[in-house]
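Reading the structure
Next come the chains, spelled out residue by residue.
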Amino acid sequence: MIFKEFVDKVLKLFGKGSLIQVKIDNRKTMNLYNINSPMIQSSEKNLVFSDFKDRKKELFDINKVGFIRDDLVSAEMALIALPENYRKMLKEMRPHLNTDDYAALIMAYGIRKLNNEANLTEGEKLRENLKRKFGERGNRINNIVAVGHFEMIIYPRLQSIMQDQIIADKGKEFREFFDRMINLFPFAIWVNEAVSKENLLLQVKVRLKNLGATQISIHSAGSNNMLVEWLATEIRERQYDMEITKLREYSIGGRLNAMELIVRLKQEPAT
Amino acid sequence: MEQKNEHLIVFSKKDAPKVLDIFNKGIDGEGYIIDQETGLRIVSNEGEELLAEELGNILKGSEIFIKADPASFSKYLAEREEEL
């Protein structure tokens, strides 16, 4: 009851507009109280901080009220308010991944959520943050999630390993598979400015012919779409041992034009 | 089904010293967060000393100080899977 009085008091002082409610799932809501309203005079804010200190035990030790800096709200709420089906999948993954890989995975789904909500600026900031913290491995995890291969390939593989009666060390089997996917990353390429036409074609050939990928999915966005268009033409007109199974344009967050090209080695017609 | 509400207070970078004071934490001459009683620098959830200007979150009953960096917050979530 005392805590309810605190909530009422904060809302009364800072106004209803200072409360942001983020629904985490059907059972949990995160209430964010912004105490930076320009309507509040600094003397009033000082009184609130003083009140917080007097009531530290009740507010922070017992009721576990936390603090978050204003410039982190969008990114951090994207990380904790992931769709429930993804959170369920991530929880199943948790025992099989190390902390850094798992943290990168949470971020990758957060980036996808922000992009899907057309919050491209925050999505890009979070992607840069992920790369800075978790390096190339984190970047690859993000690329795998971005193109949907995590839930389409890696998660189903975990489930099949878990159901397999013959595999003795299921955790080891999955970790080896996961490392192979991350290290070789054979089935998807995200085209960026640093990739030349020749290098892109070479990457596709190496993955299909040397690394045993059954098909490669090549993704691009914005001005990099030209590279994918070039590759599609190159394969149709000159690379006769490969074939295109899919070429589509789509939008990220309703604004950024993106392309997906799926290529495989040419299948011999059945006789 | 029981509804669970969690609460976060949103603060600005310039108010970090006031937030820290609630938890009896201060700032030393080099800008690092210290415990007011012991004078020792506190560490973040990643075990690193933390500058006051880098304070991003204080969570779960004032014991966990997180750097203003979503990747650090993500590591905090990864270490506590029940948070997800």
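Cut-off values and rules
- Residues numbered from 1 in each chain as written.
- Chains lettered and ligands numbered in written order.
- Predicted model: local features only at pLDDT ≥ 70, side-chain atom pairs only at ≥ 80, totals over all residues.
- Helix = DSSP H or I, 4+ residues; strand = E, 2+ residues; numbered from the N terminus.
- Buried ≥ 20, exposed ≤ 12 C-beta atoms within 10 Å, placed from the backbone.
- Contact = placed C-beta atoms within 7 Å.
- pLDDT = per-residue confidence, 0-100.
- Core = buried A, V, L, I, M, F, W, Y, C linked by C-beta atoms within 7 Å.
- Domains from an automatic or database assignment.
- Expected span 1.5 Å × (residues − 1).
- Arc of directions from axis to C-beta.
- Nonpolar A, V, L, I, M, F, W, Y, C, P; charged D, E, K, R; others polar.
- Pairing = 2+ DSSP bridges.
- Axes fitted to C-alpha atoms, helices over the stretch in contact; angles between N-to-C directions.
- Parallel < 35°, antiparallel > 145°, perpendicular 65-115°, else oblique.
- Left-handed = near helix turned anticlockwise from the far one by under 90°.

**Looking at the overall build of chain A**
Looking only at helices and strands, chain A features 11 helices and 7 strands. Here chain A, with 271 residues, has 29% of them falling under the buried criterion. Of the contacts made within chain A by residues no fewer than 6 positions apart, 60% connect residues no fewer than 24 positions apart.

**Remarks on the confidence of the model for chain B**
Note that predicted coordinates carrying low pLDDT should not be read in detail. Confidence along chain B averages 89 in pLDDT terms, with 90% of residues attaining 70 or more. Of the two predicted TM-score estimates for the complex, the pTM is 0.77 and the ipTM is 0.94.

**A short note on the environment of B:L51**
Residue and element names in this part refer to chain B. Checked against the element boundaries, L51 lands in the loop between β3 (33-35) and β4 (55-59). The class for L51 is partly exposed, based on 18 C-beta atoms found within 10 Å. Note: C-alpha distance between L51 and S74 (23 residues apart in sequence) is 19 Å.

**Digging into the nonpolar core**
Across soluble globular proteins, nonpolar side chains have a tendency to be buried as a group. Membership of the largest hydrophobic core comes to 76 residues, with the highest contact counts inside it found for A:L105, A:I106, A:M107, A:A108 and A:I216. If you tally residues by element for this core, the top one is helix α6 (residues 99-116) of chain A, at 10 residues.

**As for the domain arrangement of chain A**
Domain parsing of chain A yields domain 1 (2-67), domain 2 (69-184) and domain 3 (186-271). The C-alpha centroid of domain 3 of chain A is placed 23 Å from the C-alpha centroid of domain 2 of chain A.

**Remarks on helix α11 (residues 225-237) of chain A**
Each α-helix winds once per 3.6 residues, and so residues spaced three or four apart point in a common direction. All names here are of chain A. Compared with an ideal rise of 1.5 Å per residue, which puts 13 residues at 18 Å, α11 spans 18 Å between its outermost C-alpha atoms and is within 8% of the ideal. For α11, the set of buried residues is L227, V228, L231 and I235. Angular distribution of buried residues about the axis of α11 spans 95 degrees; they occupy a single face of the element. Set apart from the buried face of α11 by more than 90 degrees, the exposed residues are T233 and E237.

**Side note on the environment of A:I153**
Within the secondary structure layout, A:I153 lies in helix α8 (residues 149-163). Linking A:I153 and A:F187, residues 34 residues apart in sequence, is a C-alpha distance of 10.0 Å.

**Focus: the interface of chain A and chain B**
Accessible area lost on assembly of the parts is the figure often given for the size of an interface. Taken residue by residue, the interface counts 44 residues in chain A and 38 residues in chain B. Of the residues forming the side of chain A that touches chain B, the biggest block, 7 residues, is contributed by strand β2 (residues 28-34) of chain A. When its residues are assigned to classes, the side of chain A that touches chain B shows 23 nonpolar, 8 polar and 13 charged. Here 2 bridges tie strand β3 (residues 66-69) of chain A to β4(B), and the two strands are oriented antiparallel to one another. Following the sheet pairing, A:I68 is matched in β4(B) by B:N57.

**Things to note about the packing of helix α5 (residues 84-93) of chain A against α6(A)**
Residue and element names in this part refer to chain A. Between α5 and α6, the least distance of the axes is 11 Å, while the angle of their chain directions is 170 degrees. Considered as vectors, α5 and α6 are oriented roughly antiparallel to each other. Contacts from Y86, L90 and M93 in α5 reach Y102, L105, I106 and Y109 in α6. Class assignment of the residues belonging to the contact of α5 with α6 gives a composition of 7 nonpolar, no polar and no charged.

**As for the packing of helix α4 (residues 73-80) of chain A against α6(A)**
Residues and elements named next belong to chain A. α6 packs onto α4 with a crossing angle of 110 degrees between their chain directions and a minimal axis gap of 8 Å. For the element pair α4 / α6, the angle class is roughly perpendicular. In terms of crossing hand, the pair formed by α4 and α6 is right-handed. Taking contact as the criterion, the partners of A75, A78 and L79 in α4 are, on α6, I106, M107, G110, K113 and L114. Considered class by class, the residues forming the contact of α4 with α6 number 6 nonpolar, 1 polar and 1 charged.

**Some thoughts on the sheet that holds β3(A)**
Spatial ordering of the open sheet is given by β1(A)-β2(A)-β1(B)-β3(A)-β4(B)-β5(B), a layout of 6 strands whose pairing is mixed. A single partner strand is all that each edge strand has here, and the edge strands are β1 (19-23) of chain A together with β5 (64-67) of chain B. Each strand axis lies, on average, 25 degrees off the axis of its neighbour in the sheet, ignoring direction. Two elements, β3(A) and strand β1 (residues 4-11) of chain B, share 4 bridges in a ladder whose sense is parallel.

**Topic: unusual backbone geometry**
Peptide bonds are, in most cases, trans, and in most cases residues other than glycine have a negative phi. For A:A118, which is not glycine, the phi dihedral falls at a positive 65 degrees. Residue placement: A:A118 occurs in the loop between α6 and α7 (120-146). Residues other than glycine seldom take positive phi values, yet B:N24 does so here, at roughly 55 degrees. As for its position among the elements, B:N24 is in the loop between α1 (16-22) and β2 (25-27).

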